[in-house]
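Chain by chain, the residues:
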Amino acid sequence: MGRFSELSISMYEGPNLTSIDKFICKECVIDSELAKVVSNGLSANYCSYCGVESDEYMAIGFDVIMLHIYNSILCYYADAQDIDVPWLEGGWWVENTEVHEVVNRFDPGWSDDFFSDIVSAIDPLTYWVEHTDGDWTVSNPSTSLLYGWERFKEQVLNKTRYLALSEPEDNFESKRPDHVPVSSMLDALGSVFKRYGNIVNIEAGNEFYRVRAMPKLIRMLGRRF
């Protein structure tokens, strides 16, 4: 039995995935880590997605690359029943994330055909729920930061403007481990900028202008001229 067949059998003893008899090259997987998987497991001399053929092996089976993508998905999403989400009054406690939305989060720019095959390979009955280390009640750091930023914008734009520190926090939200208080939002952003080296020194003397887009005025001026 060949390497691909053995891997394919072991794959379907675990995840409930639909097998698709196609092959993909490292150019079509786009992602650098997936490209390494392709390079280390070449088993075909053509790619089903870009149509390129070669005298030598240049592609890997879809099922093999799908398993790696699926395992990446499981780091952030899981079936509701697998992470003990409560079932109440005929439904799960939290809202389902559609499979195409889940796959879209991991899409580095795949072709429509490959994206569609990934979605088709996943069990359509899976009720996807976002989690952090298996805990569905805690958002991942990026989601928490985004949610905190939206609350921060709402606060400074429509409520207390620049006095964000004076706004009392919601008692329930403040007890969540993934909660980013409005008063701590700028510090949280600062930590992200420092971590990824996105801070730039600007020399003294530079001038900055605060502007506001005014679409209605622009349209009026456009008609006038």
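Here we summarise the structure given alongside this text. Nothing here was measured: the structure is a model prediction, and the numbers come from that model.

Scoring rules and cut-offs
- Residues numbered from 1 in each chain as written.
- Predicted model: local features only at pLDDT ≥ 70, side-chain atom pairs only at ≥ 80, totals over all residues.
- Heavy atoms only, no water.
- Helix = DSSP H or I, 4+ residues; strand = E, 2+ residues; numbered from the N terminus.
- Buried < 20%, exposed > 50% of the residue type's maximum accessible area, 1.4 Å probe, protein only.
- Contact = heavy atoms within 4.5 Å.
- Areas by Shrake-Rupley, 256 points an atom, 1.4 Å probe, with all protein chains shown as cover.
- Patch = residues over 30% accessible without salt bridge, like charges linked within 9 Å, V, L, I, M, F, W, Y side chains within 5 Å.
- Salt bridge = Lys/Arg side-chain N within 4 Å of Asp/Glu carboxyl O.
- Phe/Tyr/Trp six-rings, centres within 6.5 Å; stacked < 30°, edge-to-face > 60°.
- Lys NZ or Arg CZ within 6 Å of the ring centre and 35° of its normal.

**Digging into the overall build of the chain**
Across its full length, the chain holds 10 helices and 6 strands. The 225 residues of the chain split such that 31% are buried. Within the chain, counting contacts between residues at least 6 apart in sequence, those at least 24 apart form 63% of the total. Carbon together with sulfur atoms contributes 53% to the accessible area of the chain, which is approximately 15500 Å² in total.

**Quick look at a nonpolar patch on the surface**
A cluster of nonpolar side chains, contributed by Val200, Ile202 and Phe208, occupies part of the molecular surface with about 370 Å² of accessible area. Considering the arrangement of structural elements, one finds Val200 in the loop between helix H9 (185-195) and helix H10 (215-224). On the basis of relative accessibility, which here comes to 66%, the residue Val200 falls in the exposed class.

**Regarding unusual backbone geometry**
One non-glycine residue, Ile30, lies in the positive phi region at around 65 degrees. Following the sequence through the fold, Ile30 ends up in the loop between helix H2 (26-29) and helix H3 (32-40). For Asp84, which is not a glycine, the phi torsion comes out positive at approximately 60 degrees. Relative to the elements of secondary structure, Asp84 occurs in the loop between strand E3 (77-79) and strand E4 (87-88). Judged by relative accessible area, which is 65%, Asp84 ranks as exposed.

**Some points on helix H6 (residues 112-121)**
All buried positions along H6 are accounted for by Phe114, Phe115, Asp117, Ile118, Val119 and Ala121. Tucked inside the fold, the buried residues of H6 contact strand E1 (23-25), H2, helix H4 (62-74) and helix H5 (99-106).

**A closer look at the packing of aromatic side chains**
What the rule picks out here adds up to 8 aromatic pairs. Grouped by ring-pair contacts, the aromatic residues Tyr49, Phe62, Trp110 and Phe114 constitute a single cluster. Cation over ring: Arg105 sits above Tyr76, and NZ or CZ is 4.7 Å from the ring centre.

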